[in-house]
Each structure stands twice: as C-alpha cells, then as structure tokens.
Amino acid sequence: MTTTLRRLLALAEVPRARIAFAVTLGTLTVVFGIGLMATAGYLISRAAERPAVLSLTVAIVGVRFFGLARPLARYLERLTSHDVAFRALTRARVRVYRRLERLAPPQLDSERRGDLLTRLVSDVDSLQNLHLRGLAPPLVALCAGTAAVAATAVVLPEAALVLAVGLLLGGVVVPATSVALARRASRRRAGARGELASELVESLAGSEELAAFGQESDRLRRLRAADRRLVRISRRAALADGTGDGLRLLVVGATLVGVLAASVSAHANGGLNRVLIAMLALLALASFEAVQPLPEALRELGATLAAGRRILDLTDREPSICDPALPLTAPTPPFTVALENVRVRYAPRERPALDGFSMRLEPGRRVVLLGPSGAGKSTVVNLLLRFIDPERGYVTIDGRDIRSFRQADVRRLIAVAAQDAYVFSASIGENVRLGRPDASDAEVEQALRSARIWGWVASLPHGLDTLVGEQGRELSGGQRQRIVLARALLVEAPVLVLDEPTAHLDPPTAARLIEDVFAAAGDRAVLLITHRDEGLDLADELVVLRDDAPV
Amino acid sequence: MRALDQRLLRRAKPVRLLLAADAALGVAASVLVLVQATLLAAIVADAFSGASLGDVLPKLELLALTFAGRAVLAWAFEIGGRRAASSVLSELRLALVDRRLHDQPSALDGAEAGEVAASAVQGVEALESYFARYLPQLVLAVTVPLAVLLWVGTIDPVSAGLMLLTLPLVPVFMWLIGRYTQERTREHWQALRLLSTHFLDVVRGLPTLRAFNRGEAQTAAISAVSERYRRTTMATLRVGFLSGTVLELAATLGVALVAVTVGVRLADGDLGLQAGLTVLVLAPELYLPLRQLAAQFHASADGLAVAERMFSLLDGPAVVPRGGRLIAPTPAEAPVRLEDVSFAYPGRAPLVLNHFDLELVPGETVALVGPSGSGKTTVAKLLLRFADPTTGCISVGGVDLTECRPELWRQRIGWVPQHPTLFHGTVADNIRLGDARASEQRVHDAAVLAGADRFIEKLPVGYQTIVGDGGRPLSAGERRRIAVARAFVRDAQLVILDEPTADLDRRSAEVIAEAVERLRIGRTVLLIAHRPELAERADRVVAIGEGGTAVAWSDGL
C-alpha cells in the first residue's frame, strides 16, 4: 500500500512547498477555530469575575482576530489545495501518456475493450484527489491535533492526556473501523451491482429484440429479482456504514466528559485556575474538527489507491518493440518492402495470426490482399508499421530487417489508412493534417479530392473547419473512411496501405475511388486490403490469405 | 431544480416516510443540542463556584447520555436516508426498463444503454448522499437555529436579538451559495470534464498517432491544454469560493460578536456565568447546520442530476400506445400494406420516410433496396411497431395496425436485425428467444436450417456455450446465424431480415444467403439489402431513394 502511494505521489508530483503551504493553511484554519472557542471560553469565565473591562482587552482582541482569520485561512487553503489538485492532474496525465506512448498498440489492445481506456482516463482523473483528499487531511489532523494537545498540556497535563486519547480514537480507530465495515459491505454490494448493471444494459440495449420476441414480462421479472437482491444487501450495508458517525459522536462526548472531570477535580485540588475550565472544555470540543474529515479521507484514499494500482499495472508494462542501439539510416525510394515467411502470435501458445506468409511491395506496383475476416489482414498492417515483430521470418525494407531502423523512420516510409483508424474530436482539416501538420490547404484539398470526398467537404458551411464530433460521431461510415484515406494520402509516404477503404461505399463509388487512388499513387507502392471485388481488375498482383477458422 | 426536488420527494412512499422520520429526528437532535449546551455550561459554572467532582458527577453522566443520544440519531439519519435512496432508485430503475420495453423499445443504442444503466446502478451513491446527508441537513438547518434562538431568547434576550440580527443574512448567503457557487463550480466541473474528454480522445487515438509519428508531439498538447484550464478555472474559483468564505465569516464573526458582548455584560454584572456560557456554546450551533448544508450542496446536485437523467428518460409520450383492441389477421393469409407512410423521429425535423408505399403479398419475398440512410431499417421498425407512422397507415388485411395489440402482432413476426443482440446465456437460450418453449430438437433443427449448427458444434460445449456479455465472443456472421435460427424456431409467418450479409466475408455471406433461401419457403419475407446479390433472389424488388421516397428499381444501384 505504501509503495503504491509513494509511486502515485511521484507520478502526480507537485512541488513539496505547495503541499506544505496547503497543509499549513489547513492547519491554521482548524487552529484558528479552536482558538476562537478557547479564547471566548476564557473571556467569558474571566469576565464573570467582574474585572475592569480593560483587563479583558487581550481576550477580546484574540476573539476578534480568530473570528476574522479563520475564514481567510480557509479561503486560501481551498484555493491552494485546488491548485495542487490541478497541477497533480496535469502531471499525472502527461506521465501516464508518456508511458502508454512507448507501448506498442497491440499491448494496449490486448483487452480489446474501449472500456479499458475509458477507465484508465477516469482513474487518472481520480488522482487529483490524492493530495487534496488523501494526503492533506491526515497531515492537517496530525498538526492541528498536536497543537491542541500541546496547548492543553501547558494548562493541565491530565486533560491533555484525555484529549490525546480521544483524538487518537476519533482520528484513527473510528475511521479505520468505519472503513473496514464499509469495505466488507461494499465488496458484497459490488457483486450484486455488477450483476444488476449487466442485466440492465442488456435490457436497455436489446429492448427492441426483447419487445419483438415478446420477452417484456420475463425480463422485468428477472430484473426485479436481481434488484431485490441488491436492495437487500444495500440495507445491510447501511447498518454498518451508519456506525461511523455515531461512534465519532460517542468519542467526542466521552472526551468532553473526561476533560471536564479532569478540570473540575484539578480545580477542586487547587491545581487549576477556575477561569481555565471553560477554556479547556471548549478547546477539546472544537479540536475534533481536526479529525472529522478523516473517515471520508480514508475511504477516498482507498479508492484512489485502487485506481492507482490499475494505472500502474498498465504503465508498468515493458514496451514489446524497441529501437535498435545503432539504427541504420532510412532508405530513400525506390525500395521494396517485403514480408518473408513470417509467423506472428499475439500471445504465446495462441494460434498464430499469420504463419508462413510472404509478400512483396515494390515501387509503382498495386498489390491487393484478399481474405476473409480473421485471416490476419490487420496483422499484416501491424507488421508493416512495426507494431508487432514476427516470431519467425522477416519484415524487410530495402532488403534490411525492419528492426534495424528507428520506429519513427519506418512509420515515415509507410502510410496506412487503417480500417479502425481513429478520428479525433477536431476539425476535418486537423484530422487530415495529422501526419503532416504543415501541409497547405491546397494539399489537403488535393488529398480529399483523391479520396473522393472534397465535394462533400466543400459543400459544408465551415468546410475544412467543420468539427467531426467525439470519435467522429458526426461522420457517416463512408465519410469517415475517406477522411482517414485522405490523411494517409497527404503524408506522401513511399508505401501506401489501404485497409478496407470501401467498406461503407456502394459498388460504383467504391470502384471509382480505388481507380482514383491507384492513379494518384504514381510511383508509390500500394497495398489494398479488402474482401470485395473493386480494384481486383486494376491490381498488378493478388495475394490471398487463407482462412483456417471454422465456418 | 426545485421542481425536481419536489418530484423526487413525491415519487415514492419510502421518501414520504423518510421525510416524516427526518423531521422527528431533527426536532430530537435540536433538543439534544440545547441540553448538551446547558449541561456543559452548568458543569463549568458549578465548578467555577467551587463544586467538587462528586457534585457535578450526575450532570457529567447526563452529558455523556446526551452524546449517546446524538450518536443514535446520527446513525438513524444515515440508515433512513440510505434505505430511502436504494428504494427510490430501485423503483426508478424498474420503471425505466418497463417503459423502454413496453412504450419505447427503439430508442437507445448500446453506448447510451451502458451509460443509462451505469447511472441507474452507480447513481445510488449520489442519491444516498442526497437522502442521507443533504435532506437531514436541510431539516437540521431549520430546526436547530430555530431551537437555539428560542432557547437563547428565554435565557438572554439581548444575545438572542444579536443572533437575530446576523441571521437574516443567512437566507442571503443561501441564495448566494445557490446561485454563485453552483454556477462557478459547475464551470469547474465542466472544465474537468472537458479535460478528461480531451485526454480520453488522445489515449484512444494513440495507435493512430503512433502510426503517423505524432505520439510524442501530443505530450506538449496535453500539458498545454491542462495548464490553460488550470489557469482559467483557478480564476473562476477565486470568485467561486468567496460565497463560502462570506458564510463562514458571518458564522465566526457572529460567535465573536456574541462572545464579546456577553463578556462585557458579564463584567458589568448584567448576566450570570451559566447563562453566558450556554449562549456562547450555542452560538456556533446557530450557523453550523447552515454551513454544513452548503457543504452538502454538491452531493445534492449530483444526486439530483442522477434523478433528473432518470426522469428525463421516463418522460415523453409513449411511442407505441399500449393496448389496442383488435387482433391483427395473420400475414400468412392477408397482405400487409404500407400506404402513403411518412415518418419522422419525434423532435427531429427531416422525414426518414416520405409517402412510402409497399405491399407484402402472403408467401412472397420482397427485397427492399436503397442507399444507406434511406429509411430501410425504419420500414422494419414500423412493421414491428417499435413506432407508428407519423402520417399514412400500415394495415394487415385492411385492419389498421395501430388498432391492434402490439405484442400479439409481434408474435407473428420473425426479425433478424442487422446487429443482433446476444443475451447473456447459452447459445440454446439465445435461439429460444424465438420461442421459449422450443424443445432441444427444435432448437437444433433451427440451427441446422440457419447454417449455424456447424460453428455451434465446434464451440467447446456446443449449444451450452455461454455467450453475450462476459461470455464467448462471436463474430458478426455467427451472431446473424443465431438470429436467423431464432426466426426459424419462431416459425413466424412474416420474416424481416435487415442487411443479413452486410460487412460479412464471402463465405459467411453465402451461408446466410442459403439459410435465407430455406427460410422463405412458405413464409412472407421482407429482405432489406443494399447490395444486389441477395436482392436478385427475391420475387420482387422495391427500391427506396434518398429521403425515404419510393423510386424505380434499376440494376445499376
């Protein structure tokens, strides 16, 4: 637990001085609150002895000072700690991104679910609480609690002992108990919740089919059963969770009674001035503010640590692809790229995704790669981009092993319009310019023309500046595929790989598109991956991937 | 927001019970606060005038009891609130699914369903905060200040007057908090959300970024965007936190003011020590519940947001009215006609279908072809009565479908959607969706006819293999074959197939096409396609153009 915490603090690193500043301000807030009540208690007791009003001046000034200073300290503390949270978040994002960026895409893809990344992002988000709600409250409790006990000790050591025990109980035992109880309850709850959630997702996502097949009542019955289970468990959990608050009040009461008893008997024995009794009692009562946020903080810290472990799991993976120590200089065209008798596995012991496969891409030639889904077409793309290395055989560029070049150089030589290429939440222009940010508008237009989508882009009110929405949501499948194609065309790499560029197009449009792209490619080598007919007649060479999967 | 509050509170009996209980607990808690302050002051005053520990012991015991009482009340508040929260959410969840299935089957896509389900389950935490923290605090914010004022009024009217003077500021602060903090912090949350959306976008696109050598360049972008948001958000927070500070200032200055005045009057001999101490101990209690209410504001806002989302899904008119008196004739004997049918999604202007006509004669196979977005799937959904035409009429043997009971009509239809859903369960269970009572033999026969048998037998435990969420993943072609098997097992008179071969490789497409050949024997079939191969086998081809109007069929489509 502590190593995870230490590593996370390093990941979301914030200058120590800022944290110290936030903790100091937090401590002052609590101490000023204690000061206000203690001074007020003293003021009233002393006043009851009916001295000259002038002799009360110091106490009066003290009360006013604490009354003004506490809100100010609180305000500054909130600002500082939110600033710390933001800085921590920025730092964590950049560092996590750097680690992820070194990993080859198949390493991130192994879980195969968008959920993984969505969760990663929300896990990283939760790191903002690390300092604000996880680290600061215990430190503040420690500092302010110590100050309260020390102040009490100066006046009456017995009372200080009582207060110290009370604060320890309230600050350590009560939070630990309530978190332990909550954890047991929430573990049981998580299972019931997951079950209900997946039933709900199914019912909502499959509502059309459930209605079409008359399953409405059956489904509702099943859901109600799962729901009742969850409600029952939740009720039991509530019994446990409610104890935290109650315990805290019991501890406060016991401490107050103890401090009062100690003060009263000390006074009776002549060991304590009577004007200090009220002060000690009110000080004790007010000092529990220091430990009040701890149960919540502990819970928060637990959740943040769990999120942190998931992040570290991912960022600790070693990159499967590395640059050579002494890279060769990238070749200049014309050159040939070849796969020679390669075998690829994504995981040891798994069926090879490709086995004994060979293929050559020569300048100016148009190669069409045919094969059913699952036959390893996307693996060919991963090999060419060096997202994965073959277990046997070679990928060569200009006759040299792809592993002897820098990855960045390889990817400059090969442009891929991937079927699952990502469209960013940005404008059409920015998405096309991804590989060449400095391309002129005319060049972008030309690329879009070759992808046969310029007419549509030009007809939009904002043209190239049109935003495509989150993950390109505003685009149809065909539009999206053609923007991805234009992006690859714009790079003008010597090797162009087109992965199912016509999946969403009707046959005549698809045929014209292939014709245009083949013509625009000129001296470049082009690999067209498809399971359709278009372009077959224009190919210089056909490569067929065999499908071993059962039908 | 207030309206929603009331809606949520009106929603259910458990909530009304909770409110009554909270009110009672609130009164009890206020009384205990007064007792506690009075006892504390009395003990100190007794000791001040020389009492020994033995003299004050009974009062100390009472004080301890008071705290025990407060502990029990706090516990009760929490449990009551949590119970109410889980009951309310449970009720909302079931209402939501009931409504989807019966009134609006066709409205959510998978991603949305996931999000809705998540808030319907996880949202309970936000609602728990609302019921277990915010509502009790709301009660206490009324009862405790009132009790304190009344009590202080009886022991020291001057202090009560002072408190009254500072108290009218409180509604102003509450208003300030309501408006200011809410708006400012909303900006804060929005900034955080935007940032995390940006980060998610970059992380999701990482393979593409790397393919184009742009991976490293994004580091600077992430840092720059975050930094920019930090600066603008901090600027808004500087103002946003002011209202809380002002409220706190009122509280501490109020206490200071009471303390100083009481002190001066004690020195003048106008007041006794016990009365003065009681007033001092009670002074912070006047403001504390209000400040805590402000602190719970976020919790309440999150809880209400969950409720709001659920209510918005529950709202809106039923797309398909329940009931209907007639039983539709069977499509095996009577023709199904779409006459002059137009359809637009509620709240969205463009017509998906525009004066569209179609007739399905018993026993024939009609192919419906057209470019994507022309409304082919909408025709299927109207036939299944997931929605009713905006204008025009769908009839079976002359009986208007809207007059018929939807569930009985759907019993006659077999539907193979373009993206069939596999429900968590065995392959056999999934085929049985077509007919829950089908025997093992019939399930097996249906699978054979659908061309699904061969791949099912190759699964580790055949028909007993668990599929769906968390089960074995199946390819698009395999899923469709299971959906076709559903249609066979249902033995429906009318079968609607929506793009059964789209995006499949040639071999999978051929298997499906053969299954469709077997399926059309003795049934009326509507075959939706945008590729010509399948359409060629139909008895008749109907083409639909862009904008949902019928057009003449030409081979060149």
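Residues numbered from 1 in each chain as written. Chains lettered and ligands numbered in written order. Predicted model: local features only at pLDDT ≥ 70, side-chain atom pairs only at ≥ 80, totals over all residues.

Draft legend 1. Broad picture of the overall build of chain A. Each helix and strand in chain A was counted, giving 19 helices and 9 strands. The globule rule puts the C-alpha radius of gyration for 551 residues at 24 Å, and the 34 Å found for chain A is more than 25% above it. Per-residue burial over chain A gives 50% buried out of 551 residues. Considering only residue pairs separated by 6 or more positions, chain A has 80% of its internal contacts joining residues 24 or more positions apart. (Helix = DSSP H or I, 4+ residues; strand = E, 2+ residues; numbered from the N terminus. Rg over C-alpha atoms; globule rule 2.2 N^0.38 Å. Buried ≥ 20, exposed ≤ 12 C-beta atoms within 10 Å, placed from the backbone. Contact = placed C-beta atoms within 7 Å.)

Draft legend 2. Summary view of the overall build of chain B. A count of helical and extended segments in chain B gives 20 helices and 12 strands. Across the 557 residues that make up chain B, the buried fraction comes to 49%. Of all intrachain contacts in chain B linking residues separated by at least 6 positions in sequence, the fraction that spans at least 24 positions is 80%.

Draft legend 3. Inspection of the domain arrangement of chain A at higher detail. When the domains of chain A are assigned, the result is domain 1 (2-315) and domain 2 (337-544). Relative placement of domain 1 of chain A and domain 2 of chain A: their C-alpha centres are 52 Å apart. (Domains from an automatic or database assignment.)

Draft legend 4. Region of the structure containing the nonpolar core. Counting residues in each nonpolar core, the largest one holds 340 residues, and the members touching the most others are Ile44(A), Ala281(A), Val44(B), Ala259(B) and Leu527(B). Of the residues forming this core, the biggest block, 18 residues, is contributed by helix α2 (residues 16-48) of chain A. If sequence neighbours within four positions are ignored, Ala281(A) has contacts with Gly41(A), Leu256(A), Val259(A), Leu260(A), Ser263(A), Leu40(B) and Val44(B). (Core = buried A, V, L, I, M, F, W, Y, C linked by C-beta atoms within 7 Å.)

Draft legend 5. Quick look at the sheet that holds strand β4 (residues 391-396) of chain B. Residues and elements named next belong to chain B. Taken together, 4 strands build an open sheet; the order of strands is β2-β1-β4-β5 and the sheet is antiparallel. Each edge of the open sheet carries a strand with a single partner, namely β2 (353-360) and β5 (399-400). Two elements, strand β1 (residues 336-343) and β2, share 5 bridges in a ladder whose sense is antiparallel. Within the sheet, the bridge partner assigned to Arg337 lies in β2 and is Glu359. (Pairing = 2+ DSSP bridges.)

Draft legend 6. Region of the structure containing the domain arrangement of chain B. Each assigned domain of chain B is listed with its residue range as follows: domain 1 (1-144 + 299-318), domain 2 (157-270) and domain 3 (336-551). The gap between the C-alpha centroids of domain 2 of chain B and domain 3 of chain B is 55 Å.

Draft legend 7. Inspection of the packing of α2(A) against helix α3 (residues 57-102) of chain A at higher detail. Residues and elements named next belong to chain A. Packing of α2 against α3 leaves a shortest axis separation of 8 Å and a crossing angle of 160°. It follows that α2 is roughly antiparallel to α3 by the angle criterion. Seen along the crossing, α2 lies across α3 with a hand that is left-handed. (Axes fitted to C-alpha atoms, helices over the stretch in contact; angles between N-to-C directions. Parallel < 35°, antiparallel > 145°, perpendicular 65-115°, else oblique. Left-handed = near helix turned anticlockwise from the far one by under 90°.)

Draft legend 8. Summary view of helix α13 (residues 376-383) of chain B. Taking burial as the measure, the 8 residues of α13(B) include 7 buried ones, the bulk of the element. Of all the residues in α13(B), the buried ones are Lys376(B), Thr378(B), Val379(B), Ala380(B), Lys381(B), Leu382(B) and Leu383(B).

Draft legend 9. Region of the structure containing the environment of Arg222(A). All names here are of chain A. Tracing the backbone shows Arg222 in helix α9 (residues 216-241). Overall, Arg222 belongs to the partly exposed group, with 14 C-beta atoms counted inside 10 Å. For the pair formed by Arg222 and Thr27, sequence separation is 195 residues and the distance between their alpha carbons is 53 Å.

Draft legend 10. Focus on the sheet that holds strand β3 (residues 366-370) of chain A. Residues and elements named next belong to chain A. Overall, parallel pairing links the 5 strands, which are arranged β6-β7-β8-β3-β9 in an open sheet. Both edges of this open sheet fall to β6 (414-417) and β9 (541-544), since each of them pairs with a single strand only. Each neighbouring strand pair of the sheet contributes to a mean axis angle of 15°, computed without reference to strand direction. Strand contacts of helix α19 (residues 507-521): β3, β7 (495-499) and β8 (525-530), with the helix running at about 160° to β8, the strand carrying the most contacts.

Draft legend 11. Examining the interface of chain A and chain B more closely. Contacts between chain A and chain B engage 115 residues on the former and 119 residues on the latter. Take the side of chain A that touches chain B: its biggest share by element is 22 residues, from α3(A). When its residues are assigned to classes, the side of chain A that touches chain B shows 66 nonpolar, 23 polar and 26 charged. (Nonpolar A, V, L, I, M, F, W, Y, C, P; charged D, E, K, R; others polar.)

Draft legend 12. Seen up close, the pairing of strand β4 (residues 392-397) of chain A. Residue and element names in this part refer to chain A. Where strand β1 (residues 337-344) meets β4, 5 bridges bridge the pair, whose relative direction is antiparallel. In the strand pairing of β4, Arg343 is matched with Arg392. As paired elements, β4 and strand β5 (residues 400-401) share 2 bridges and run antiparallel to each other. Its bridge partner lying in β5, Thr396 is registered against Asp401. Between β4 and β5, which pair antiparallel in sequence order, lie 2 residues; one of them, Asp398, sits at a positive phi of approximately 55°.

Draft legend 13. A look at unusual backbone geometry. All names here are of chain A. In this structure, the amide linkage connecting Pro333 to the following residue, Pro334, adopts the cis form with an omega of 0°. Tracing the backbone shows Pro334 in the loop between α12 (294-315) and β1. The backbone of Arg386 shows a phi angle near 55°, a positive value even though the residue is not glycine. Relative to the helices and strands, Arg386 resides in the loop between α13 (377-384) and β4. Here the phi dihedral of Asp398 falls at roughly 55°; this positive angle occurs in a residue that is not glycine.

Draft legend 14. Main features of the environment of Glu533(B). Here Glu533(B) is to be found in helix α20 (residues 532-535). Placed 368 residues apart in sequence, Glu533(B) and Leu165(B) show a C-alpha to C-alpha distance of 85 Å.

Draft legend 15. Structural context of the packing of helix α6 (residues 157-166) of chain B against helix α10 (residues 242-267) of chain B. Residues and elements named next belong to chain B. Where α6 contacts α10, the two axes come as close as 10 Å, and the packing angle between them is 160°. On the basis of their axis angle, the class for α6 and α10 is roughly antiparallel. Judged by the sense of rotation from one axis to the other, the crossing of α6 with α10 is right-handed. Contacts between α6 and α10 involve Ser159, Leu162, Met163 and Thr166 from the former and Ala250, Gly254, Leu257, Val258, Thr261 and Val262 from the latter. The class makeup of the residues in the contact of α6 with α10 is 6 nonpolar, 4 polar and no charged.

Draft legend 16. Spatial organisation of the environment of Ala307(B). Residue position: Ala307(B) is located in helix α12 (residues 297-314). Measuring from C-alpha to C-alpha, the distance between Ala307(B) and Arg7(B) comes to 9.4 Å, with 300 residues separating the pair along the chain.

Draft legend 17. Broad picture of the confidence of the model for chain B. Residue and element names in this part refer to chain B. In this model, chain B carries a mean pLDDT of 83, and residues with pLDDT of at least 70 account for 87%. When pLDDT is averaged over each helix and strand of chain B, the minimum, 63, is found for helix α1 (residues 2-11) and the maximum, 92, for helix α15 (residues 427-431). Across the interface, the model reports ipTM at 0.79; the global pTM reads 0.77. (pLDDT = per-residue confidence, 0-100.)

Draft legend 18. Examining α10(B) more closely. Compared with the 38 Å implied by 1.5 Å per residue over 26 residues, the 37 Å span of α10(B) between its first and last C-alpha is a close match. After α10(B) finishes, the residue Gly269(B) shows a positive phi value of roughly 85°. (Expected span 1.5 Å × (residues − 1).)

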